[in-house]
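Structural overview
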Amino acid sequence: MQLDEILAQGRDALTVRRVFGDPIERDGLTVIPVANVMGGGGGGGDMASLDMGAMAGSQGSDADASSAEGRPVASERGGGAGFGVRATPAGVYVIKGGEVRWEPALDMTRIAIMGQVVGIVFLLVLRSILKSRSS
């Protein structure tokens, strides 16, 4: 796959259609889902170092020539690229009777983790208070 193809796929993945979903209409109520979308990517390449022994046995100066032993001279190349997209629900726009209101999505996993963190901090503070009183 060529770099241009990878970049085109990345552009397709990070479009506004990923942020705003298709509107849903029922009974005079329109709901437009919204997501937080993040993406990133990277790539790189490398050309193999020249093998002087292979070059001495090769014919001509063609970069894709092979040595007398059949080893490539300087045509070995490596590389790669990739990208990732992460989308999480943010909420919905609710349109009813010409009025628009925002309804945020609740991330129950985040709420549960924050509850656990608060509980752990509370227990650590309580432990240090009890230790200082016993001394």
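One numbering rule holds for all chains: residues counted from 1, following each sequence as written. Given that this is a predicted model, residues contribute local features only at a pLDDT of at least 70 and side-chain atom pairs are listed and counted only at 80 or more, while totals for whole chains, interfaces and linings are drawn from all residues. The basis for every side-chain value is the complete set of heavy atoms in the structure, and neither hydrogens nor water enter the calculation.

Residues Ile113, Val117, Val121, Val125 and Ile129 make up a contiguous nonpolar surface patch of roughly 390 Å² in combined accessible area. With respect to the secondary-structure elements, Val125 resides in helix H4 (residues 108-134). Patch criteria: residues need more than 30% relative accessible area and no salt bridge. Like-charged residues are merged within 9 Å; nonpolar side chains of Val, Leu, Ile, Met, Phe, Trp and Tyr are merged within 5 Å. For every accessible area listed, the method is Shrake-Rupley and the probe measures 1.4 Å; residues are considered covered only by the protein chains on display. In what follows, salt bridge is the name for a side-chain nitrogen of Lys or Arg lying within 4 Å of a carboxyl oxygen of Asp or Glu. Counting from the N terminus, the helices are the DSSP runs of H or I reaching at least four residues and the strands are the DSSP runs of E reaching at least two.

In this section: the pattern of salt bridges. Going through the model one piece at a time under the given rule, you end up with 1 salt bridge. In this structure, Arg101 engages Glu103 in a salt bridge whose closest nitrogen and oxygen atoms are separated by 2.8 Å. Three exposure classes are used, based on accessible area relative to the maximum for each residue type with a 1.4 Å probe and protein chains only: buried under 20%, partly exposed in between, and exposed over 50%. According to the relative accessible area criterion, Arg101 is partly exposed, its value standing at 44%. Accessibility expressed as a relative area gives 34% for Glu103, which makes it partly exposed.

Below, the discussion takes up the environment of Leu14. By the secondary structure assignment, Leu14 is in the loop between helix H1 (3-13) and helix H2 (16-19). Since its relative accessible area comes to 43%, Leu14 is described here as partly exposed. Taking the C-alpha atoms as reference points, Leu14 and Arg86, separated by 72 residues in sequence, lie 9.7 Å from one another. Contacts were defined at the residue level, with two residues in contact if any of their heavy atoms lie within 4.5 Å. Leaving out residues up to four positions away in the same chain, Leu14 has contacts with Val37, Met38, Gly39 and Val85.

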